[in-house]
Amino acid sequence: MIKPDFHKAQLFRDRRGWIAVGTILVFAALALLGRWDWRSRSDHPELRRAVAQAGDSMFSVARLRAYLGSLDDSLTREEVERWLESWVEDQVLSQEARRLGLDTLAHVREDLARLRMRYLRGLLEEQSLAETLSISPLELRTWARANEDLLALPERQLELDWYSGQDSLFLSQVPGLLRRQRLSFPLPDSVGVIKGRTGWTAVEELPRAHGPSVQNLEMEGWSPVLSVPGGWILYQLQAQRPVGWLPDPEVDGDMVRTAMLQDLRRKRLESRLESIRQSAVWKVDLEPLLEVESGVPPARR
């Protein structure tokens, strides 16, 4: 009868020993992490230096580096300085508003809270829309056949060659020179005329003053010489897509894929938001307000 109890006691002591060892290891790891965190901060005091300050508010090197690292494009020194000056101005003016107690007004508090909620909602939606989707060629063709209404071109699109320079008289002679094959591009820099192509574009996307001169062009037709800031330009129509034009998944796969991704991401976002709404605990009930306004005492519980 004594031997089994001895084994139980031994097992209990062994288990307690392992628990104690595990606890010590956990605390040691936390201590090391804390020490590493403290040392990482103390080893880089320059990251806490201020690049901008307004009253008690400070914008540190670390914060600026994190912000710049989150941008898709790099900023010049002048652009960073202007951004920081804008931050300082916002800080100074908002601090004055708080000093005057403007942030304590009931409608201001509600507006600020609503702005924060809308910003967070926007982040949630952006996160959902940014998630990647994989689409096979078969899925692309199937979706294109079922969603022609989403693919049909709502407005006429043009593809235009453009010729630009500072000499309007020379530009007016370009169509004739090209027809007679007396001109080829690129021209020497001394001529001062450059050529480009717009890509597919709607008339409404061109400068407003150019639209009427371009919208009725026939294939390979030329516009008159038109003014632009610092010079002149003329267009030649190279291709067009009529209203209702449908892209071919085999030829215009990138266009169809873009439209399909937009549609799928929108539907997925709507489904996700609806799922969140359905799983949330919420209510809207104006009865308490109506009872208070009418002087009805609250019901006893």
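Residues numbered from 1 in each chain as written. Predicted model: local features only at pLDDT ≥ 70, side-chain atom pairs only at ≥ 80, totals over all residues. Heavy atoms only, no water.

A.B. asks: Even after reading the chapter, I still don't get the overall build of the protein chain, so can you show me in this structure?
C.D. replies: The secondary structure content of the protein chain amounts to 10 helices and 6 strands. The burial tally for the protein chain puts 22% of its 301 residues in the buried class. Within the protein chain, counting contacts between residues at least 6 apart in sequence, those at least 24 apart form 65% of the total. Working note: accessible area of the protein chain is about 23300 Å², and carbon and sulfur atoms make up 56% of it. (Helix = DSSP H or I, 4+ residues; strand = E, 2+ residues; numbered from the N terminus. Buried < 20%, exposed > 50% of the residue type's maximum accessible area, 1.4 Å probe, protein only. Contact = heavy atoms within 4.5 Å. Areas by Shrake-Rupley, 256 points an atom, 1.4 Å probe, with all protein chains shown as cover.)

A.B. asks: Explain the confidence of the model for the protein chain here, please?
C.D. replies: In this model, the protein chain carries a mean pLDDT of 85, and residues with pLDDT of at least 70 account for 85%. Under a pLDDT of 50 for its full length, residues 1-42 has, in the predicted model, 3 contacts with residues more than four places off or in other chains. (pLDDT = per-residue confidence, 0-100.)

A.B. asks: It is not clear to me how a nonpolar patch on the surface should be interpreted in this structure. Could you clarify?
C.D. replies: There is a patch of nonpolar side chains on the surface, built from L100, L102 and L105 and spanning about 260 Å² of accessible area. Inspection of the secondary structure puts L100 in the loop between α3 (77-99) and α4 (106-130). A residue is classified by how much of its surface remains accessible, and L100, at 52% relative accessible area, is exposed. (Patch = residues over 30% accessible without salt bridge, like charges linked within 9 Å, V, L, I, M, F, W, Y side chains within 5 Å. Salt bridge = Lys/Arg side-chain N within 4 Å of Asp/Glu carboxyl O.)

A.B. asks: Can you help me understand unusual backbone geometry in this one?
C.D. replies: Peptide bonds are trans in most cases, and residues, glycine excluded, mostly fall at negative phi. That bond from F185 to P186 is cis: its omega, 5°, falls within 30 degrees of zero. As for its placement among the helices and strands, P186 is situated in the loop between α7 (168-179) and β4 (193-202). For Q181, which is not glycine, the phi torsion reads 55° and is therefore positive. Tracing the backbone through its elements, the reader meets Q181 in the loop between α7 and β4. The phi angle at E220 is positive, at roughly 65°, despite the residue not being glycine. Mapped onto the elements of the fold, E220 is located in the loop between α8 (211-214) and β5 (226-228).

A.B. asks: Please clarify how the sheet that holds strand β3 (residues 157-165) should be interpreted in this entry.
C.D. replies: With antiparallel pairing, 4 strands are arranged side by side in an open sheet as β4-β3-β6-β5. Strands at the two margins of the open sheet, each flanked by one partner only, are β4 and β5. Sheet twist, expressed as the average angle between the axes of neighbouring strands with direction ignored, equals 35°. Pairing analysis gives 3 bridges linking β5 to strand β6 (residues 231-241), with the strands arranged antiparallel. Bridge pairing links L226 to I233 in β6. (Pairing = 2+ DSSP bridges. Axes fitted to C-alpha atoms, helices over the stretch in contact; angles between N-to-C directions.)

A.B. asks: Before we go on, may I ask you to explain the nonpolar core in this structure?
C.D. replies: Most often, soluble globular proteins keep nonpolar side chains buried together rather than apart. Core analysis: the biggest nonpolar cluster contains 10 residues, these being L158, L160, V203, L206, V214, L217, L226, I233, Y235 and L237. Sorting the residues of this core by element identifies β3 and β6 as the ones contributing at least two each. No other element matches the 3 residues that β6 contributes to this core. Non-local contacts of V203, meaning those with residues more than four positions away in its chain, are made with R156, L158, G211 and Q215. Core analysis: the second largest hydrophobic core is formed by 9 residues, I135, V256, A259 and L261 among them. (Core = buried A, V, L, I, M, F, W, Y, C linked by side-chain atoms within 4.5 Å.)

A.B. asks: It is not clear to me how the pattern of salt bridges should be interpreted in this structure. Could you clarify?
C.D. replies: Pairing between side chains of opposite charge can happen when the charged atoms of each approach one another. One pass over the structure, following the stated rule, counts 11 salt bridges. Put simply, D263 and R266 hold a salt bridge, and the shortest N to O gap is 2.7 Å. Taken together, the residues span about one helical turn, with D263 and R266 both in helix α9 (residues 253-279) at a distance of 3 residues. For D263, the salt bridge is made with K267, and the minimal N-O distance between the two is 3.2 Å.

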